[in-house]
Every structure is written in C-alpha cells, then in structure tokens.
Amino acid sequence: MTDLGNSPAARDIASVLHPYTNLAVHRENGPMIIERGKGIYVYDDSGKEYIEGLAGLWCTALGFGVEELVEAAAEQMRKLPYYHMFASKSTGPAIDLADRLTNMLPIENSKIFFANSGSEANDSLIKMVWYYSNSRGKPEKKKIISRQRAYHGVTIASASLTGLPNNHRSFDLPIDRILHTDCPHYYHGANAGESEEEYSARLANNLDEMIMSEGPDTVAAFIAEPVMGAGGVVVPPAGYFEKIQAVLAKHDVLFLDDEVICGFGRTGNPFGCQTYGFKPDTITMAKALSSAYLPISAVAINNDMYEGVMEESNRIGVFAHGFTYSGHPVAAAVALKNLELMEERDVMGHAARISPVFQARLKALSDHPLVGEARGVGLVGAVELIADKSARRNFQPGQGVGAYISARASDQGLIVRAMGDSVGLCPPLIISEAQINEMFDRLTIALDETEAWVHTSGLRTAN
Ligand code: PLP
C-alpha cells in the first residue's frame, strides 16, 4: 500500500472496523470514501461520479440530495429533537407515520411497532411471535421457518433467520428453534423438465413435510422476502406464494412478510406481497421507508396478533420491549415526508411505468457469454455470472469473479453489489429512462472486460 500519511484513508484504516468487509484486505487497500450525492449519483473524494446502482444498500428510493427531507429533519430537530414512546408517551410524527402506514398497508387494522433497522424490526417480530404463542396458551408453538439464502438481518435472532452461510459461520449461529426450508430458485433448483408451477408445488410440499415432521404445534411462523435481495435477487417461480400460503393456513402458521427491500414500490406495487398475491400476517419495513435519510424501521402486525400481545402484556403488567429510539421523532418526520413526496411525485407509479425499460435491458444481458441468468421484477434485478452456461455451473468462490466485475463497474462509474457471482441492481426509484440505459451501458462494458479477464486467465478451464 502507498504511504497514506495522515489522510482520511489512513485514519479510516487506523480506526474503523468496517461492516461486511474482508478486514485484512481493507487494511491493505483502504476505503472508498464517498463525499456527496445528488439524484441517482454519488461522488467520491476525488470528485469521480458514480451511478448508485444499488441505491446505497437497496434503500435510497428518492435518491440523494432531496432538500425537503433535509428540511423536515431540521424543522423537527428545532421543535423536538428527541422523545421516546415508553410508558404511553408519544409524539406527533410517530402518530402521523403509524397512521399513514396503517392506511396504506395491505393488512387490515394493523398496529405498528417502530425500531431503527431491519434487523431490529425482525428481532422484535420474533419476540412478538413468541409472546403471541404464549398468550394463546401454546408455549410449544415457537419454531420459525425461514429459507436458505434468505436475508433478514444480522442481530442474533435475525441473523439466525438469514439463510446465508457467512452470517452463521464462526458466529455460532443459528440459534435453536429456527429452521430453513428451500430457496425458491428455479434456475438452479428445478429438476429437468419441471415447470415453474411443478417446482413451486414441490417446494410447498417440502415445507408441508417439514412442518409435519417438526409437529405443527411447534411451528409458529414462516418468514419470507417477496423477492430475496441479498441472497442474489431471487424472484419466486410461478404459483410459489399461493402454494406456500395454503400450507401455512393448513397448519395455523403465521406468514411474516419481510418487505425491507420490496416495500414502497420496488417491485411495481407498493408492497411485494401485492405483486405476488399473498396475504401476510405481519410486514417488516425499513430502507425506503425513509429513503434511508435517517434510520427507522417498522413492523406491522395484524389485529389477532395485536390482541394476543396486548392481553399478554396485561397479564404480565407491561410489554417489556422497545428501543430508546423507537419512533424517534426526527426519523419519523423524515419518513413521513418521504412518503408524502412519494405520493405527490407519484414515485411508485413512475417506478412501475419505467420498470419495463429496466427489465428489458436486464433480460437482454442473458445473451452475454458470461451471464447464466438475468432475473428481476420492477426496479430490482441481478445477473448471475456463470462458468458454463449449458451446465449452469458457477465459478469457484475463490476465483473472485464477483469482486472483479464490481471493480470494473466502479471504473466505469457504476456502483453495483456482487453477491457471490450475482451482480445486483436496485437503483433509486426516481431513475429516468436515459439513466437506466446509461447504467446498463456501463454494466455491459464491465461484463465485457470481465469476460476477457475470465478468458485470458483460463478461469473456465481451471474451474
Ligand atoms: N431484511 C431484509 C429483506 C434486508 O434486505 C435487510 C438488509 O439488507 C434486513 C432485513 C436487515 O436490515 P438492516 O441492515 O437495516 O438491519
């Protein structure tokens, strides 16, 4: 590494422990420092412009530099910078936000619990599910079924729901009472000649068998993202959620819908469950809820669950759960303004209208020699890089193909996220048609350069 003196990069290496980073590589290479943002673009400390192809971490729906959000925060800061919601205290922004959410959510009569991140929201939800089972006099009904490759966060219980090996390995996870059923990835998981509907039926049957073998009286809930995000943007096969929902209903198992990425217009409807036609008992939200300008998340629970939780709290004397920052008034004011702007500017309508352009450019990449599958819905998608197209054989993880293409995209002024060998795209919802084309033009150059590197390095034969 070159001598960085007392530069910000040197001080970063000296003092920061980075999330989701190879810490040894970071110590050698240092950080990429982002200084400012405008619209769909961010700029690094040398002034270089990048299209934020992942909206940060799937979250900056309105893009960067929205003055109204800054103003909403400043105004609330001046008026009441902090207050809490313990012991029946409340604030105007938290009430207005909960009210707005209950009116737009596809769960009738829901109640909203606020937290600060997707992980905290899902963790809180697990506790509410357990509390609810106890309130129903079903203390054995506690297991939660998640899916392989799911992503539900990183706190101890949420990381246990997550179905990615690196989130468990060496962290001594998952905790008990959390199980993982199949990832619904038709491209890799289907048998020869199996239709999407048949594949979905097989997976629903596997879930049914899991519940039966565990004992339906021990299984409280099933959790799913409508489209799996961090697991590689896995779009469910035809009929999947309908068949899963029928299995859950048969066994009195709650359906927990994690909309942390899909919520607020990402899949072409306000919520992913509307795109895929299922009816959840709970919905977890974060990210686009505030366009990530401030940390805030929420869990909506249906009325039956609320009644159970309420009765249990009365039996014990308190619902002893909540965070210092639950319903933080500044974060709530920003989220509220974010949702108002989304409505005024018809941002979700725009995203739905523009998504065919995004999907057409995305799907066209499946003809590229390096791309096995190009998959997506609405304004989210991924291309999966593949060593052997006809055998659907991936590269070895150690070959670093995902990292290589991310670096080439970065050279082109495009930030994407490599999840294994799948390259994810999830731009701000405000992206224009011309910007979508620019984004895919840059990605195509990165793909071509990566293909050339794979070829000259002999990675396919070494595979
Ligand atoms: N759930 C889903 C579907 C997510 O994509 C994420 C984060 O990417 C989380 C939960 C966890 O959210 P956070 O990183 O805010 O804890």
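Computed from a predicted model, the values in this text were never measured in an experiment. (Residues numbered from 1 in each chain as written. Predicted model: local features only at pLDDT ≥ 70, side-chain atom pairs only at ≥ 80, totals over all residues. Heavy atoms only, no water.)

Undergrad: Would you explain the overall build of the protein in this entry?
TA: Looking only at helices and strands, the protein has 17 helices and 15 strands in total. Relative to its length of 463 residues, the protein is compact, with a C-alpha radius of gyration of 22 Å against a globular reference of 23 Å. Each principal axis of the C-alpha distribution contributes one length, and for the protein these read about 70 × 60 × 45 Å. For the protein, with 463 residues in total, the buried portion stands at 53%. Taking the contacts inside the protein whose residues are at least 6 apart along the sequence as the reference set, 70% of them involve residues at least 24 apart. Put simply, the protein shows about 19,900 Å² of open surface, and 52% of that area lies on carbon and sulfur atoms. With 40 positive and 56 negative side-chain charges, the protein shows a separation of 2 Å between the mean positions of the two kinds. (Helix = DSSP H or I, 4+ residues; strand = E, 2+ residues; numbered from the N terminus. Rg over C-alpha atoms; globule rule 2.2 N^0.38 Å. Buried < 20%, exposed > 50% of the residue type's maximum accessible area, 1.4 Å probe, protein only. Contact = heavy atoms within 4.5 Å. Areas by Shrake-Rupley, 256 points an atom, 1.4 Å probe, with all protein chains shown as cover. Lys, Arg positive; Asp, Glu negative; His and termini not counted. Charge placed at Lys NZ, Arg CZ, Asp CG, Glu CD.)

Undergrad: I'm lost on the pairing of strand β11 (residues 371-377) in this one. Help?
TA: Within a regular strand, side chains alternate between the sheet's two faces. Counting buried residues along β11, seven of its seven residues qualify, which places the element largely inside the surrounding structure. Sheet topology places β11 next to strand β12 (residues 380-385); six bridges connect them, and they run antiparallel. In the strand pairing of β12, A374 is matched with V383. (Pairing = 2+ DSSP bridges.)

Undergrad: What is the right way to look at helix α5 (residues 92-104) in this model?
TA: Each turn of an α-helix holds 3.6 residues, which means side chains three or four residues apart point in the same direction. For α5, built from 13 residues, the straight-helix expectation of 18 Å at 1.5 Å per residue is met to within 8% by its first-to-last C-alpha distance of 18 Å. Of the surrounding secondary structure, the elements contacted by the buried residues of α5 are α4 (67-79), β4 (111-115), β9 (282-285), β10 (297-301) and α13 (329-344). (Expected span 1.5 Å × (residues − 1).)

Undergrad: Explain the packing of aromatic side chains here, please?
TA: Each aromatic ring pair is characterised by the separation of its centres together with the angle its planes make. Counted by the stated rule, this structure contains 16 aromatic pairs. Each ring, one from F358 and one from F440, has its centre 5.4 Å from the other, and the planes form 70 degrees; the classification is edge-to-face. Here F358, found in helix α14 (residues 347-364), pairs with F440, found in helix α16 (residues 433-456); they are 82 residues apart in sequence, far enough to count as distant. By the burial criterion, F358 is buried, and F440 matches it. The rings of F222, Y240, F241, F255, Y276 and F278 are connected pair by pair, giving a single aromatic cluster. We note R408 situated over the ring of Y404; from NZ or CZ to the ring centre the distance is 4.6 Å. (Phe/Tyr/Trp six-rings, centres within 6.5 Å; stacked < 30°, edge-to-face > 60°. Lys NZ or Arg CZ within 6 Å of the ring centre and 35° of its normal.)

Undergrad: How do you make sense of the environment of V219 when you look at a structure like this?
TA: When you line up the elements, V219 lands in strand β7 (residues 219-224). When the C-alpha positions of V219 and L164 are compared, they lie 21 Å apart, and in sequence the two are 55 residues distant. In contact with V219, other than residues within four places in its own chain, are K141, K143, I145, I211, E214, D252 and V253.

Undergrad: Please clarify how the environment of M228 should be interpreted in this entry.
TA: Along the chain, M228 turns up in the loop between β7 and α10 (240-250). A sequence separation of 66 residues divides M228 from L294, and the C-alpha atoms of the two residues are 24 Å apart. Leaving out residues up to four positions away in the same chain, M228 has contacts with R147, Q148, R149, A150, C183, P184, V233 and V234.

Without other data, these values stay purely geometric and don't point to any function.
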